[in-house]
Amino acid sequence: LKAWLQMQSNDNKGAIETLRSALQYAEDSKAKSTLWGNIGDQYYQLGETRKSYDAYHKALSYDLNNAMVMNNFAYHLSVTGKSLKQALQMAKRATELSPNNATYLDTLAWVYYKLGEFEQAKKVMQQAMSFDRDNSSELALHYGDILDALGSTFLAQTYWRKALERGADAEKIESRIEAQKARLEAQKAVK
């Protein structure tokens with residue numbers, strides 16, 4: 001509870017300390033895996049990527065089927081664009097373990113997007129959107145990006161606006177729309 005409260009108040013360093021202390025009381029490998037996964041998440045929030053990845057590896061050494069850790073690790077790898085094949089394997093496994101989880105499906109779609117496999121990304125993102133009960137701004141934002149990559153200008157803007165309505169950062173949306181407009185203008189100029 002203490003670590004959760006620290007995480008909610010963005011006291012990442014305090015949460016790491018608390019989670020590390022809790023490791024001594026963890027009774028089984030699943031509990032240790034969960035704790036190490038949370039430690040990895042906190043290091044990631046601090047921008048300490050190497051420590052984050054080390055903690056995720058440790059979490060998976062305790063439980064190879066920890067879907068949450070695989071999902072978070074895969075997503076963080078996709079953001080950096082590194083080890084995308086490893087990210088794809090972890091994201092696929094997370095969705096196998098929890099097939100109706102919109103967040104895990106979003107991660108898998110995002111990895112496909114980062115790999116340039118836009119049609120596959122769209123297919124998976126459609127599943128994610130159908131299971132999304134939280135009206136996630138992130139899912140709508142990602143879906144807009146995928147649709148934009150496929151050349152679906154109007155639909156991309158529709159989902160970006162939906163992301164904005166759901167609380168996405170207005171600057172992120174505006175920069176995407178401006179980049180799209182500039183790209184379309186450049187394409188017209190070439191023709």
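Before reading further, recall that the structure is shown in the block above.
Let me sum up the structure you'll find in this document. Keep in mind that this is a model prediction, so the values were computed, not measured.

## Topic: the environment of Lys92
Along the chain, Lys92 turns up in helix H6 (residues 84-97). Once the C-alpha coordinates of Lys92 and Val111 are considered, the two residues, 19 residues apart in sequence, prove to be 9.7 Å apart.

## What about the nonpolar core?
The biggest cluster of nonpolar side chains holds 50 residues, and the ones touching the most others in it are Ile39, Phe73, Met90, Met125 and Ile173. Top contributing element to this core by residue count: helix H7 (residues 102-114), with seven residues. The residues touching Ile173, leaving out its near neighbours within four places in the chain, are Leu141, Trp160, Ala163, Leu164 and Ala168.

## Observations concerning the packing of helix H2 (residues 12-22) against helix H3 (residues 29-45)
Relative orientation of the contacting elements H2 and H3 amounts to 165°, with a least axis distance of 9 Å. As far as their axial angle goes, H3 and H2 are roughly antiparallel. For the crossing formed where H2 meets H3, the hand is left-handed. Residues Asn12, Ala15, Ile16, Leu19, Arg20 and Ala22 of H2 touch H3, and the partners they reach there are Leu35, Trp36, Asn38, Ile39, Gln42, Tyr43 and Gln45. Its residues assigned to classes, the contact of H2 with H3 comprises eight nonpolar, four polar and one charged.

## Notes on the pattern of salt bridges
Within this structure, the stated rule accounts for seven salt bridges. Arg50 serves as the salt-bridge partner of Asp54, at 3.4 Å between the closest nitrogen and oxygen. Pair noted here: Asp54 and Arg50 are both in helix H4 (residues 49-62), with a separation of four residues, about one helical turn. Taking the relative accessible area as the measure of exposure, Asp54 reaches 42% and is therefore partly exposed. Between Asp145 and Arg176 there is a salt bridge whose closest N-O contact spans 2.6 Å. On the criterion of sequence distance, the pair formed by Asp145 in helix H9 (residues 137-149) and Arg176 in helix H11 (residues 170-190) is long-range, its members being 31 residues apart. Looking at Arg176, the relative accessible area reads 22%, which means it is partly exposed.

Analysis parameters
Residue numbers run consecutively from 1 along every chain, following the written order of its sequence. Totals for whole chains, interfaces and linings use every residue, but because this is a predicted model, local features are given only for residues with pLDDT of at least 70 and side-chain atom pairs only at 80 or more, for both listing and counting. Hydrogens and water molecules were not included; the side-chain quantities draw on all heavy atoms of the structure. Every helix listed is a DSSP run of H or I at least four residues long, and every strand listed is a run of E at least two residues long, numbered separately from the N terminus. For this analysis, a nonpolar core means a set of buried residues of the types Ala, Val, Leu, Ile, Met, Phe, Trp, Tyr and Cys, connected via side-chain atoms within 4.5 Å. Exposure classes here rest on a 1.4 Å probe applied to the protein chains alone. A residue is buried below 20% of its type maximum, exposed above 50%, and partly exposed in between. Two residues form a contact once any of their heavy atoms are found within 4.5 Å. As a rule, the C-alpha atoms of each element are fitted with a line to give its axis, helices using only the stretch in contact, and angles between N-to-C directions run from 0 to 180 degrees. An angle below 35 degrees is read as roughly parallel, one above 145 as roughly antiparallel, one from 65 to 115 as roughly perpendicular, and any other as oblique. Handedness of a helix crossing follows the sense of rotation of the near helix relative to the far helix, less than a right angle counterclockwise being left-handed and clockwise being right-handed. For this classification, the nonpolar set comprises Ala, Val, Leu, Ile, Met, Phe, Trp, Tyr, Cys and Pro, the charged set comprises Asp, Glu, Lys and Arg, and every other residue, Gly included, is treated as polar. Any Lys or Arg side-chain nitrogen located within 4 Å of an Asp or Glu carboxyl oxygen qualifies as a salt bridge.

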